[in-house]
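A structural walkthrough
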Amino acid sequence: MANKMWGGRFGQKSDPLMEEINASIDFDRKLYRQDIAASKAHAAMLAKKGIITTHDAKQIAHGLDTILSEIEAGKFPFKRALEDIHMNVESRLADLIGSAGGRLHTARSRNDQVATDFRLWVRDAIDEIDAALAAYQRALAEKALEHAATVMPGFTHLQTAQPVTFGHHLLAYVEMAARDRGRFAGARERLNESPLGAAALAGTAFAIDRDMTAKALGFKRPMANSIDAVSDRDFVLETLAATAITSAHLSRFAEEIVLWSSPQSGLIRLSDRFTTGSSIMPQKRNPDAAELVRAKSGRIFGALIALLTVMKGLPLAYAKDMQEDKEGAMDSLGALKLSLAAMTGMVRDMAADAARMRQAAAGGFSTATDLADWLTRELKLPFREAHRAAGRIVAKAAEAGVALDELPLETMQEVEPGLTRAIFGVLSVDKSVASRTVYGGTAPKNVRLQAKRWLKRLGAMP
């Protein structure tokens, strides 16, 4: 016997292998809330338009509420033979209310049904991720305010470059997260149109009200082209692209946490809550949470590439290939939410070793640029000449095995006779960071201002 939901023209039962490759209920069951909400909106519209009776619509709504309760109580009998969440729900509805349940699918197809359900699901996921990103930003901004004047080494090429403050470094990730939120907001704005009523691909001959169902489901409007409505997966791709970029930002920070928390660096210490031990080495404190955040970027990037590959060769309109849009996206969005929660927890718990940070900032001749700037500003040397002179002075300090601010003035004057004792006023790491008052610079007063601005914007301070 063929599938009773669609097998009218089929005389034989599907091969078990066909059922295995065709079924999606193992993952699309996650769409149950959205599927039931869309079905209730559709039934209400059908009744208002006189396409089904008010009595049937009430029965359908009551049956769908019962199914929702069953699923949430863990008592719903999901059946793989029914392939997907849509037919599982519809079959159970028929069991509960009889023939009235068969009227629900009037003027719709699984094509517009799944497109609607998944848009609703992705929209909900975006809202959850936006809230998680906001919490992550608050944690970063609070820690930045606490460490607005904590000097640490700034790096380029992973080499000591110039002194910065720990707060300034953390605020860089706040800015990245703001752009991440903007990308998700843009994706949400563009996905928020309703495919419902597009039916299989051509629309429907029933006099339905697509505006009514769109409004009931919180969409801005119905999608304008029925073919586009069922065949578009831009909303998944765009959301996955935003997810991938956000994951890349988290992975970069996770890498820094791994480096900073190593005994060789010792710039921060992670709490017991976000580290693990070794099964053989009792002394170990492993930054596993950060490492796993770093690793999860791989599966997130993979989901984006996988769906791009699925979609790139599909002619319009719907093709079963599009069933592959959900599993990777659901996994990726779940991985991102988990990564954000872990990173937020690590930021809140991490303890900075301010003394070690300051010591590291003072190493590597990190104020050499301040020396070159002083020569340009005070002695009016062209910057390239000042740069060469500063480099020669650094070489003398390296040869002597001392920091720049420990090198005798007389030794410096062998390179540039115009140097005066005033040079020592710019060679300390504290003076260096304090001088960077340009907008966006690392000066502690800048960091305090920016951290407070972000906390106010995020609703974390009055």
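Details of the structure are given in the entry above.
I will try to describe carefully the structure that is included in this document.

Brief notes about the overall build of the protein chain
Within the protein chain, the secondary structure is distributed over 18 helices and 6 strands. Its C-alpha atoms give the protein chain a radius of gyration of 30 Å, clearly above 23 Å, the size a compact globule of 462 residues would have. Considered along the principal axes of its C-alpha atoms, the protein chain spans approximately 100 × 50 × 45 Å. On the protein chain, roughly 22,000 Å² of surface is accessible, and the fraction owed to carbon and sulfur atoms is 54%. Each charge sign in the protein chain was given a centre, from 61 positive and 55 negative side chains, and these centres are 3 Å apart.

A look at the side chain of H249
Positionally, H249 belongs in helix α10 (residues 234–260). According to the relative accessible area criterion, H249 is buried, its value standing at 13%.

Observations concerning the packing of helix α7 (residues 166–191) against α10
In helix packing, the relevant descriptors are the interaxial angle and the interaxial distance, both defined with respect to the helix axes. With their axes 8 Å apart at the nearest point, α7 and α10 run at an angle of 165° to one another. On the basis of the axis angle, α7 is roughly antiparallel to α10. Two packed elements cross with a definite hand, and for α7 against α10 that hand is left-handed. Across the interface between the two elements, F166, H169, L170, Y173, M176, D180, R183, F184, G186, A187, R190 and L191 from α7 touch F235, E238, T239, A242, T243, I245, T246, H249, R252, F253, E256 and W260 from α10. Partitioning the contact of α7 with α10 into residue classes produces 12 nonpolar, 6 polar and 6 charged.

Brief notes about the nonpolar core
Counting residues in each nonpolar core, the largest one holds 95 residues, and the members touching the most others are F118, Y136, F253, I257, M343 and M346. Here the element with the most residues in this core is helix α6 (residues 110–146); it accounts for 14 residues. Leave out the neighbours within four places in its chain, and F253 touches Y136, L140, L170, Y173, W260, M343, V347 and M350. Among the nonpolar cores identified, the runner-up in size contains 21 residues, and L375, L381, I393 and L419 belong to it.

A look at the pairing of strand β2 (residues 159–165)
Residues in a regular strand point their side chains to alternate faces of the sheet. One ladder, built from 6 bridges, connects strand β1 (residues 151–156) with β2; its direction is antiparallel. Bridging across to β2, G154 finds its partner in Q162. Once β1 ends, the chain turns through 2 residues before running back antiparallel as β2, passing H157 with a positive phi of about 55°.

Analysis parameters
Residues numbered from 1 in each chain as written. Predicted model: local features only at pLDDT ≥ 70, side-chain atom pairs only at ≥ 80, totals over all residues. Heavy atoms only, no water. Helix = DSSP H or I, 4+ residues; strand = E, 2+ residues; numbered from the N terminus. Rg over C-alpha atoms; globule rule 2.2 N^0.38 Å. Areas by Shrake-Rupley, 256 points an atom, 1.4 Å probe, with all protein chains shown as cover. Lys, Arg positive; Asp, Glu negative; His and termini not counted. Charge placed at Lys NZ, Arg CZ, Asp CG, Glu CD. Buried < 20%, exposed > 50% of the residue type's maximum accessible area, 1.4 Å probe, protein only. Axes fitted to C-alpha atoms, helices over the stretch in contact; angles between N-to-C directions. Parallel < 35°, antiparallel > 145°, perpendicular 65-115°, else oblique. Left-handed = near helix turned anticlockwise from the far one by under 90°. Contact = heavy atoms within 4.5 Å. Nonpolar A, V, L, I, M, F, W, Y, C, P; charged D, E, K, R; others polar. Core = buried A, V, L, I, M, F, W, Y, C linked by side-chain atoms within 4.5 Å. Pairing = 2+ DSSP bridges.

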